[in-house]
Amino acid sequence: MSTYPSAPSGRVHSGPDGQRLIIERSFPAPIGDVWASLTAPDRVAPWYGSIEGELQPGSTIMVTMSAEDGAPAEPMQILECEPPTRFLVETAGMGEPWRLELELAESDGITTMTFTHQLPDGLSAVDFGPGWEFYADRHHAAFHGNAMPDWDADRYQELLGTHYA
């Protein structure tokens, strides 16, 4: 049995402000616990990377991604931080800033996480979808105490040619 969601959850939404990649995951847990797994440095480090700095609007944190060999620390500016429901950051990206948003909602003991990446002009979900699915699966694994997924697994390579094509 797989410890990760069995199917990709990403979708692309097109609107007047461009395309957005949206990935959702649900957790049978209180919103505060899911929020902490996404923002507390000791809980973010195993699945995403180390965080240095204060998580408050207007501040810049330094993030070093843990699944990327030799990844340098990169700045992320916190635009909005509304515990435990919303977190909006901007990162340098690849030439053009990336806007990344997390929103949480709880209903009947289930917390739904919605991650949105405002896609830069000229780039598509094929460029980002499999990677964000990988990190969403890493978060899911860390949250549930399971082994981390392997990027080289067929699951992520197949997403390049199927779900996000």
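Preceding block: the structure.
Residues numbered from 1 in each chain as written. Predicted model: local features only at pLDDT ≥ 70, side-chain atom pairs only at ≥ 80, totals over all residues. Heavy atoms only, no water.

Novice: Explain the packing of aromatic side chains to me, please; I cannot follow it from the model alone.
Specialist: By convention here, two paired aromatic rings are described through the distance between centres and the angle between planes. By the definition in use, this model includes 9 aromatic pairs. Aromatic pair Trp47 and Tyr48: ring centres 5.5 Å apart, planes at 55 degrees, arrangement tilted. Judged by centre distance (4.9 Å) and plane angle (85 degrees), the ring pair of Trp98 and Phe128 falls under edge-to-face. One end of the pair, Trp98, is in strand E7 (residues 98-107); the other, Phe128, is in helix H3 (residues 125-144), and 30 residues separate them in sequence. Side by side, Trp98 and Phe128 carry an identical accessibility label, which is buried. An aromatic cluster is defined as three or more aromatic residues linked by ring pairs; in this entry it consists of Trp47, Tyr48, Phe115, Trp132, Phe134, Tyr135 and Trp151. (Phe/Tyr/Trp six-rings, centres within 6.5 Å; stacked < 30°, edge-to-face > 60°. Helix = DSSP H or I, 4+ residues; strand = E, 2+ residues; numbered from the N terminus. Buried < 20%, exposed > 50% of the residue type's maximum accessible area, 1.4 Å probe, protein only.)

Novice: Can you walk me through the pattern of salt bridges in this structure?
Specialist: Opposite charge on two side chains permits them to pair, given that their charged atoms come into close proximity. According to the stated counting rule, one finds 8 salt bridges in the structure shown. Residue Arg86 pairs with Glu80 through a salt bridge whose shortest N-O separation is 2.6 Å. Relative accessible area serves as the criterion here: at 25%, Glu80 is assigned to the partly exposed category. For Arg86, the salt bridge identified is with Glu103, shortest N-O distance 3.4 Å. Placement of the pair is Arg86 in strand E6 (residues 86-91) and Glu103 in strand E7, with a sequence separation of 17 residues. For Arg86, a relative accessible area of 17% puts it in the buried group. (Salt bridge = Lys/Arg side-chain N within 4 Å of Asp/Glu carboxyl O.)

Any functional reading would require information that these geometric values do not contain.
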